[in-house]
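Architecture and fold: a report
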Amino acid sequence: MKKSVIENVKNSVRELSAYTLKDYEYDLKMNQNENPYDVPADIKKEILEYALERSWSRYPTFIPFALHDKLAEYSGWRADGILAGNGSNEIIQALMAIFLGPGDKIVLPSPTFTVYGLVARVLEAEVVNVPLNPDMSFDCDALEEAFLGDEKAKVLVICSPNNPTGTLYPLDRLEALLQKTDRAVVVDEAYYEFSKVSAVDMLERYDNLVVLRTFSKAFSFAAMRFGYGLMSPELATEVGKAKLPYNIDFFSEAAAMKLIDNRDRLQAGIDELIEERDRILPLMNVLDGVKAYPSRANFILFETKRPPAEIFDALLADGILVRNVSSYPMLGKALRVSVSTPSDNDRFLASLKKALG
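Just so you know, these numbers come straight off a predicted model, no measurement behind them. (Residues numbered from 1 in each chain as written. Predicted model: local features only at pLDDT ≥ 70, side-chain atom pairs only at ≥ 80, totals over all residues. Heavy atoms only, no water.)

**A short note on the overall build of the protein**
Counting its secondary structure elements, the protein contains 13 helices and 13 strands. On C-alpha atoms alone, the protein measures out to a radius of gyration of 21 Å, which is about the 21 Å that the 2.2 N^0.38 rule sets for 357 residues. For the protein, the spread of C-alpha atoms along the three principal axes comes to 60 × 55 × 50 Å. For the protein, the exposed surface amounts to about 16,800 Å²; the carbon and sulfur share of it is 51%. In the protein, the 41 positive side-chain charges and the 52 negative ones have mean positions that sit 4 Å from each other. (Helix = DSSP H or I, 4+ residues; strand = E, 2+ residues; numbered from the N terminus. Rg over C-alpha atoms; globule rule 2.2 N^0.38 Å. Areas by Shrake-Rupley, 256 points an atom, 1.4 Å probe, with all protein chains shown as cover. Lys, Arg positive; Asp, Glu negative; His and termini not counted. Charge placed at Lys NZ, Arg CZ, Asp CG, Glu CD.)

Put into structure tokens, the structure is as follows:
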């Protein structure tokens, strides 16, 4: 009898749970760390006018040199060490493809962004999870031991600020680690604009360091998918081999350049989100039964005495969608809320207080 084609799928894939999100009806979306402030209408119009004039029957630029120059200007790193991706997730996938295979290991703090482990397992690599400290800070000693002490550990990925905890990896500990190894250390700075702390200055000294960035958060560009990686030019050449050709469409290329040119106009929204994050965190902590963790990102992780599912449902009944992260390791009592506008945040605080009873 003929077998199903599914039986030919790698076991490393079939055993995985897919990365999914359930759809909900809501009034206020505070679950995906998005920027509540949209790209200004006049900037959108300029991008759309370019898209209308540009031929859609021709491929985009094979290597977007002009875009790389803009990213170099913004990031402070050299253009020939930059790779643009269809979201920073694409750069993550390409990086892992060139370093990991069956028998190799990747070291990750836990909990962290789940896509790292998902991609590694598809490549049949083993994921070594190193728990965070009880206060949600990184256990730097344990991470170093797991990474440096095993020759099969080919990649260490550190999300800083970490998602979903908002904590930073100390730069002095990062540099001390880089001095001890020639294996790949990837620092995902998706929330850099909200923390203002970066490892970019270390790129000149360590060719095994990779820094990832995204436009999905601070640049209000989550709908279009654009990210980039900063690394040595030699490593960029190798990672580029695992990246699909023409991966950046002409619209995203033009929009990213326009957003960089207008970054000063986006800064006011970023500054307000930082102020709001720092305003609402202590207000959450004075609520009975709530423990909110310090954050350097645009979201706040918080625990409640009531079961997280009950708090999630109560907030949703009020039209507010947050993220229930209680299935993550160490986060059995936790939810995560994205920082939004002052009025949205006040509405969330009132709803949370009511949900707590």
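**Some details on the nonpolar core**
In terms of nonpolar packing, the biggest core is built from 55 residues, with Leu 174, Leu 209, Phe 215 and Phe 226 touching the most fellow members. Examining the composition of this core, we find that 7 residues originate from one element, helix α10 (residues 250-261), more than from any other. The contact partners of Phe 226, leaving out residues within four places of it in the chain, are Leu 67, Leu 71, Ala 84, Gly 85, Gly 87, Ser 88, Thr 214, Phe 215, Ser 216, Phe 221, Ile 248 and Ala 256. Counting 33 residues, the second-largest nonpolar core is a separate cluster that includes Phe 194, Ala 292, Leu 315 and Leu 356. (Core = buried A, V, L, I, M, F, W, Y, C linked by side-chain atoms within 4.5 Å. Buried < 20%, exposed > 50% of the residue type's maximum accessible area, 1.4 Å probe, protein only. Contact = heavy atoms within 4.5 Å.)

**A few points about the pattern of salt bridges**
Tallied over the entire structure, the rule returns 22 salt bridges. Linking Lys 70 and Asp 261 is a salt bridge whose minimum nitrogen-to-oxygen distance equals 2.6 Å. In this pair, Lys 70 is assigned in helix α3 (residues 65-75) and Asp 261 in helix α10, connecting sequence segments 191 residues apart. One network of salt bridges, in which partners are shared, links Asp 141, Glu 144, Arg 173 and Lys 180. (Salt bridge = Lys/Arg side-chain N within 4 Å of Asp/Glu carboxyl O.)

**Regarding the pairing of strand β8 (residues 227-230)**
Alternating positions in β8 separate into two faces, Gly 227 and Gly 229 on one and Tyr 228 and Leu 230 on the other, with burial throughout. Of the strand pairs in this sheet, strand β2 (residues 82-85) and β8 are connected by 4 bridges, and their pairing is antiparallel. Residue pairing for β8: Ala 84 is matched across the bridge by Tyr 228. (Pairing = 2+ DSSP bridges.)

**Here's the deal with the packing of aromatic side chains**
In this structure the tally under the stated criterion is 13 aromatic pairs. When the centroid spacing of 6.2 Å and the interplanar angle of 65° are considered together, the rings of Tyr 50 and Phe 250 count as edge-to-face. Placement of the pair is Tyr 50 in helix α2 (residues 41-53) and Phe 250 in helix α10, with a sequence separation of 200 residues. Classification of Tyr 50 as partly exposed rests on a relative accessible area of 36%. Judged by its relative accessible area of 15%, Phe 250 is buried. Taken together, the aromatic side chains of Tyr 74, Phe 215, Phe 219, Phe 226 and Tyr 228 make up a single cluster linked through ring pairs. (Phe/Tyr/Trp six-rings, centres within 6.5 Å; stacked < 30°, edge-to-face > 60°.)

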